[in-house]
Amino acid sequence: MATIIDGRAFAADLRARVGEAVAGLAARGVRPGLAVALVGDDPASGVYVRNKGKQTRAAGMNSFEHKLPADTGQDELLALVARLNADPQVHGILVQLPLPAHIDEAKVINAIRVDKDVDGFHFENVGRLSVGAEALPPCTPAGCLLLLRHQLGDLTGRHAVVIGRSNIVGKPVAQLLLRAHCTVTIAHSRTRDLPVVCRAADILVAAVGVPQLVKGDWVRPGATVIDVGINRVAAADLDAAGDAAGASGDAGASGDAGASGDAKPAGGATRLVGDVDFAAAQQVAGAITPVPGGVGPMTIACLLRNTLLAACRIHGIEAPAGL
Ligand code: NAD
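Residues numbered from 1 in each chain as written. Predicted model: local features only at pLDDT ≥ 70, side-chain atom pairs only at ≥ 80, totals over all residues. Heavy atoms only, no water.

Caption draft 1: Region of the structure containing the overall build of the chain. Each helix and strand in the chain was counted, giving 12 helices and 11 strands. Taken over the C-alpha trace, the chain has a radius of gyration of 19 Å; the compact-globule value for 323 residues is 20 Å, and the two agree within 12%. For the chain, the proportion of contacts with a sequence separation of at least 24, taken over those separated by at least 6, is 73%. Counting 30 positive and 31 negative side-chain charges, the chain places the centres of these two groups 3 Å from one another. (Helix = DSSP H or I, 4+ residues; strand = E, 2+ residues; numbered from the N terminus. Rg over C-alpha atoms; globule rule 2.2 N^0.38 Å. Contact = heavy atoms within 4.5 Å. Lys, Arg positive; Asp, Glu negative; His and termini not counted. Charge placed at Lys NZ, Arg CZ, Asp CG, Glu CD.)

The following block contains the structure:
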């Protein structure tokens, strides 16, 4: 049976280490601040923003939340970003995605000061990541790498297969794995013979959004499986399949809530499952992240880490070791 990679515990430890570093900065007169802008009333985004605020304050940082109505104009949002860019109390700026259709997401993200772009989505940070320059890495991918390094140590020479090529998970995870000297294959919806591609992986990262797509026999014996997927499905569907995945806890307790657009709907029992058939894969893998409680809680922990790093860079302070 595979080792279960406990992202919840790792994230709690990372948040505690960030908190200690924040306390250390206080002596130098610096208190990191994270500003989050939320446009509209998407319930999933609302849950995520609330969790961010809570954890930001718990780490000893300032949290600035800007809730704007759904009909906020693009210029108004850009004006807010400009104010936050200039605000010395703000070291990290995050505009919660998705934005309403009338707002050009790329325009807003690229208006954020590069050194305050703690989501790592500004095109300059994306480019910096790909050429190996110093960059704030996107939070969920950074969380995947921290868990992999914790589990495997040096990743050099390992064959990593990433399923998914989105700009927020698949591509940046692949970049980070490449930086860690892995041999990287990126698979996606048009990949042929996906099970065969997956079976070649020492490290398999699933970032797809299809419940339990990856079957047990897609996993190479002993491989490390990182399941980024967060899919809410009707419990009845799982029970009918005789599958208990996700039954051990729900998103609220795990920190997965709202991590990627998930919010608990009203009515009808539901469960969270990943992109991997956990019950089958854990029989084969060497180590595996569960859903919930794997990658999910790492996202906000890495956001706090990025905010701390941004504050250090902005103030010309060396980043604390061990983060
Ligand atoms: P996305 O929809 O933007 O991208 C999905 C990718 O999967 C695409 O590149 C597509 O080519 C690929 N794909 C789709 N169907 C496929 C198939 N049948 N076979 C192979 N590839 C296929 O999704 P995303 O934003 O990258 O998110 C992926 C998953 O990760 C979702 O479940 C999301 O909820 C989750 N997620 C979790 C976190 C977190 O844990 N904090 C953060 C972000 C996303």
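Read on, since the account is not over.
Caption draft 2: Quick look at the state of the cysteines. Counted by the stated rule, this structure contains zero disulfides. For Cys 302, which is in no disulfide, the shortest distance to another cysteine sulfur is to Cys 139 and amounts to 6.3 Å. Accessibility expressed as a relative area gives 1% for Cys 302, which makes it buried. Note on Cys 312: no disulfide assigned, nearest cysteine sulfur contributed by Cys 302 at a separation of 16 Å. (Disulfide = S-S within 2.5 Å. Buried < 20%, exposed > 50% of the residue type's maximum accessible area, 1.4 Å probe, protein only.)

Caption draft 3: Expanded view of the sheet that holds strand E1 (residues 3–4). In space, the six strands of this open sheet follow the order E1-E11-E8-E7-E5-E6, with parallel pairing throughout. Two strands in the sheet have a free side with no partner beyond their single neighbour: E1 and strand E6 (183–187). The sheet contact formed by strand E5 (residues 159–163) and strand E7 (residues 203–206) spans four bridges and is parallel. Following the sheet pairing, Ala 160 is matched in E7 by Ile 203. Against the sheet, helix H6 (residues 139–152) contacts E1, E7, strand E8 (224–227) and strand E11 (287–288), and its axis sits at roughly 155 degrees relative to E8. Running at roughly 170 degrees to E5, helix H7 (residues 170–179) makes contact with E5, E6 and E7 of the sheet. (Pairing = 2+ DSSP bridges. Axes fitted to C-alpha atoms, helices over the stretch in contact; angles between N-to-C directions.)

Caption draft 4: Looking closely at the pattern of salt bridges. The full count for this structure, using the stated rule, is six salt bridges. A salt bridge links Arg 313 to Glu 134; the shortest N-O distance between them is 3.5 Å. Of the two residues, Arg 313 sits in helix H12 (residues 296–314) while Glu 134 sits in the loop between helix H5 (123–131) and H6, which places them 179 residues apart along the sequence. Note on Arg 313: relative accessible area 37%, which makes it partly exposed. Exposure remark for Glu 134: the relative accessible area of 53% places this residue in the exposed category. (Salt bridge = Lys/Arg side-chain N within 4 Å of Asp/Glu carboxyl O.)

Caption draft 5: Geometry of the sheet that holds strand E3 (residues 62–68). With parallel pairing, the three strands of this open sheet are ordered in space as E3-E2-E4. The open sheet is flanked by E3 and strand E4 (92–95), the only strands paired with a single partner. Averaged over all pairs of adjacent strands, the angle between their axes in this sheet comes to 15 degrees, without regard to strand direction. Inspection of the sheet shows strand E2 (residues 33–39) paired to E4 by four bridges, in the parallel sense. Residue pairing for E4: Ala 37 is matched across the bridge by Val 95.

Caption draft 6: Up close: H12. Between its terminal C-alpha atoms H12 stretches 28 Å, which fits the 27 Å expected from 19 residues at 1.5 Å a residue. Among the 19 residues in H12, 17 count as buried, and that is most of the element. Where H12 terminates, the next one or two residues include Gly 316, which has phi positive at roughly 65 degrees. (Expected span 1.5 Å × (residues − 1).)

Caption draft 7: View of the packing of H5 against H7. Packing of H5 against H7 leaves a shortest axis separation of 9 Å and a crossing angle of 30 degrees. Counting all contacts with H5, which are made through Arg 128, Leu 129 and Ser 130, the residues of H7 involved are Pro 172, Gln 175, Leu 176 and Arg 179. Residues that form the contact of H5 with H7 fall into these classes: three nonpolar, two polar and two charged. (Nonpolar A, V, L, I, M, F, W, Y, C, P; charged D, E, K, R; others polar.)

Caption draft 8: Structural detail: the nonpolar core. Core analysis: the biggest nonpolar cluster contains 57 residues, and Leu 177 and Leu 308 have the highest contact counts within it. Contributions of two or more residues to this core are made by helix H1 (7–26), E2, helix H2 (43–58), H6, E5, H7, E7 and H12. Counting residues per element, this core draws most heavily on H12, which supplies 11 residues. In this structure Leu 308 touches Val 18, Ala 21, Val 22, Leu 25, Pro 32, Met 61, Pro 320 and Leu 323, once residues within four positions along its chain are discounted. One finds Ile 163, Cys 198, Val 219 and Val 276 within the second-largest nonpolar core, a separate group that totals 19 residues. (Core = buried A, V, L, I, M, F, W, Y, C linked by side-chain atoms within 4.5 Å.)

Caption draft 9: Quick peek at the environment of Pro 88. Among the secondary structure elements, Pro 88 is positioned in the loop between helix H3 (74–86) and E4. Note: C-alpha distance between Pro 88 and Val 30 (58 residues apart in sequence) is 10 Å.

Caption draft 10: Layout of the side chain of Gln 74. Inspection of the secondary structure assignment puts Gln 74 in helix H3. Discounting chain neighbours no more than four positions away, the residues touching Gln 74 are His 102, Ile 103, Asp 104 and Lys 107.

Caption draft 11: Quick look at the packing of aromatic side chains. With the rule as written, the count across this model stands at zero aromatic pairs. In this structure, Arg 17 is placed above the aromatic ring of Phe 10, and the distance from its NZ or CZ to the ring centre is 5.9 Å. Over the face of the ring belonging to Tyr 48 we find Lys 52, whose NZ or CZ atom lies 3.6 Å from the ring centre. (Phe/Tyr/Trp six-rings, centres within 6.5 Å; stacked < 30°, edge-to-face > 60°. Lys NZ or Arg CZ within 6 Å of the ring centre and 35° of its normal.)

Caption draft 12: View of the confidence of the model for the chain. The predicted model of the chain averages 93 in pLDDT, with 91% of residues at 70 or higher. Per-residue pLDDT stays below 50 along residues 243–253; that stretch engages in 27 contacts with residues further than four places along the chain or on separate chains. (pLDDT = per-residue confidence, 0-100.)

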